[in-house]
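# Structural characterization, general
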Amino acid sequence: GQQHGRGASGMSILQDVPPGGAWASVLDIRRKFWRNGVACIAAAAFLFSVGTLCVKILASENLPVFIVAFVPSLLCWTVTSWLVQRNNIPLWGETRSTRTLILLRGILGAASLSLYYFSVQLLPMKDAVTLFFCSPVIAAILEWAITGINLSYSALAGCLFTVVGVFLVTQPDCVEHMTGGMPGHVPGMVMAVAAATCNASAFVAVRMLRGSISTLTITWWYHACVVLVTSIPLMAGYPTPAVVPTKQEVVILLVVFGCQMLGQNLLNRGFQLLTATRGSAINVLQVVYAYLWELTFLKEEINLVSVFGGLSVMAGVVTVSIGRHHE
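So, a few notes on the structure that sits alongside this text. (Residues numbered from 1 in each chain as written. Predicted model: local features only at pLDDT ≥ 70, side-chain atom pairs only at ≥ 80, totals over all residues. Heavy atoms only, no water.)

### A few points about the overall build of the chain
Regarding its fold elements, the chain presents 13 helices and zero strands. Looking at the chain as a whole, 50% of its 327 residues are labelled buried. Sequence-distant contacts, at least 24 apart, represent 87% of the contacts inside the chain between residues at least 6 apart. (Helix = DSSP H or I, 4+ residues; strand = E, 2+ residues; numbered from the N terminus. Buried < 20%, exposed > 50% of the residue type's maximum accessible area, 1.4 Å probe, protein only. Contact = heavy atoms within 4.5 Å.)

Take a look at the structure:
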């Protein structure tokens with residue numbers, strides 16, 4: 001079952017609205033939402049999918065991918081720094097293990113994002129997405145190995161449903177090219193799997209930090225690491241020289257910033273309340289949301305196999321969510 005975070009872990013940009021008066025019912029809903037890990041991660045997945053849609057639009061404008069990662073993260077880091085200072089939140093934990101996990105989560109998150117972008121360059125987008133969102137299975141293995149948590153059969157079945165659904169939704173060409181495929185496929189697949197592994201490891205790190213540190217602290221370190229990591233290829237002019245975004249691109253980058261800022265905060269909160277396995281499976285809703293965006297905004301044709309895949313993902317998420325975990 002879910003556990004309610006206490007103390008510093010409850011600090012959030014969602015908790016700055018003054019209490020009292022007409023806000024009473026709104027505050028009650030907000031408090032219930034903030035204590036519901038499934039709701040937090042599902043909302044984060046939705047916001048990240050909106051951000052992905054914006055990234056696709058920016059990609060069509062030929063804006064370098066590392067600028068798309070760097071600018072929103074720099075803005076997120078700036079805002080988070082202000083919130084941390086305003087709320088007088090420490091950036092370091094009290095124990096060495098806490099400090100190690102905070103830094104590890106930031107580095108793993110930044111590495112995951114960078115590896116994912118590299119895999120997107122080498123693979124068709126849907127192939128990279130498929131391999132990246134195999135992270136629920138990786139998270140299950142890692143959590144079992146690291147924390148010794150016992151997972152129910154329903155949780156494991158839900159992970160299987162989720163991964164099968166992801167393959168059906170995205171229909172990866174790389175599966176057909178496992179032997180003698182296009183140049184770059186093997187390195188691309190390795191990077192995508194490495195990105196998924198880093199992603200799942202970051203989820204486990206957040207889970208182990210549950211209740212001991214503010215979500216804003218975790219978010220601050222994540223964005224700081226992303227800014228540092230993405231600034232390196234930008235300065236090196238890889239894969240293309242950096243350019244100044246147009247006014248339209250700036251607006252879209254601001255939307256990406258908003259989605260990242262709130263989405264990352266909700267995601268960190270969700271993983272403090274849920275196991276990494278359950279959280280990772282729910283986070284795969286990003287694939288379903290992205291598919292819906294493609295149908296509605298990009299006007300792609302409905303594919304029956306993809307529809308079944310979406311249903312499989314939803315079935316997996318529900319199965320994992322209702323599965324009992326023995327902690």
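### Topic: the state of the cysteines
Counted under the stated rule, the structure contains zero disulfides. Among the cysteines around Cys-54, which has no disulfide bond, Cys-259 carries the closest sulfur, lying 5.9 Å off. (Disulfide = S-S within 2.5 Å.)

### Overview of unusual backbone geometry
A positive phi is found at Asn-88, a non-glycine position, where the angle reads about 55°. Counting through the fold element by element, Asn-88 comes out in the loop between helix H3 (65-86) and helix H4 (96-122).

### A few points about helix H9 (residues 215-236)
Between the first and last C-alpha of H9 there are 32 Å, a value that for 22 residues agrees with the 32 Å anticipated at 1.5 Å per step. Extensive coverage of H9 is indicated by the burial of 17 of its 22 residues. The N-cap of H9, judged by a side-chain oxygen 3.1 Å from the amide nitrogen of Leu-216 a few residues on, is Ser-214. Just beyond H9, the residue with positive phi is Gly-237, at close to 70°. (Expected span 1.5 Å × (residues − 1). Polar contact = N/O pair within 3.5 Å; in protein donor to acceptor, adjacent residues only side chain to side chain.)

### Focus: the packing of H3 against H9
Orientation of H3 relative to H9, taken along the N-to-C sense of each, is 145°, at an axis distance of 8 Å. For H3 against H9, the interelement crossing comes out left-handed. Facing H3, whose interface residues are Phe-66, Ile-67, Ala-69, Phe-70, Ser-73, Leu-74, Cys-76, Trp-77, Thr-80, Ser-81, Leu-83 and Val-84, H9 presents Leu-216, Thr-219, Trp-220, His-223, Ala-224, Val-226, Val-227, Thr-230, Ser-231, Pro-233 and Leu-234. For the contact of H3 with H9, the residue count by class is 16 nonpolar, seven polar and no charged. (Axes fitted to C-alpha atoms, helices over the stretch in contact; angles between N-to-C directions. Left-handed = near helix turned anticlockwise from the far one by under 90°. Nonpolar A, V, L, I, M, F, W, Y, C, P; charged D, E, K, R; others polar.)

### Describing the side chain of Gln-286
Within the secondary structure layout, Gln-286 lies in helix H12 (residues 285-296). For Gln-286, a relative accessible area of 14% corresponds to the buried category. Not counting chain neighbours up to four residues away, the residues in contact with Gln-286 comprise Ala-45, Phe-48, Ser-49 and Phe-133.

### Concerning a nonpolar patch on the surface
Taken together, the side chains of Leu-160, Val-164, Leu-168, Leu-304, Val-305, Val-307, Phe-308 and Leu-311 make up a nonpolar region of the molecular surface, amounting to roughly 710 Å² of accessible area. Of all the secondary structure elements, the ones that give two or more residues to the nonpolar patch are helix H7 (153-170) and helix H13 (304-322). When residues of the nonpolar patch are assigned to their parent elements, the largest contribution, five residues, is made by H13. Along the chain, Leu-311 turns up in helix H13. In this structure Leu-311 comes out as exposed when scored by relative accessible area, which is 52%. (Patch = residues over 30% accessible without salt bridge, like charges linked within 9 Å, V, L, I, M, F, W, Y side chains within 5 Å. Areas by Shrake-Rupley, 256 points an atom, 1.4 Å probe, with all protein chains shown as cover. Salt bridge = Lys/Arg side-chain N within 4 Å of Asp/Glu carboxyl O.)

### Re H12
Taking 1.5 Å per residue, twelve residues should reach 16 Å; H12 reaches 17 Å between its end C-alpha atoms and fits that length. When we look at burial in H12, the residues that qualify are Leu-285, Gln-286, Val-287, Val-288, Ala-290, Tyr-291, Trp-293 and Glu-294.

### Quick notes on the pattern of salt bridges
Taken as a whole and judged by the stated rule, the model has one salt bridge. Asp-28 is the partner of Lys-32 in a salt bridge, and the nearest nitrogen-oxygen pair spans 3.5 Å. Here the residue Lys-32 and the residue Asp-28 both occupy positions in helix H1 (residues 24-34), the gap between them amounting to four residues, near one helical turn. A residue is classified by how much of its surface remains accessible, and Lys-32, at 58% relative accessible area, is exposed.

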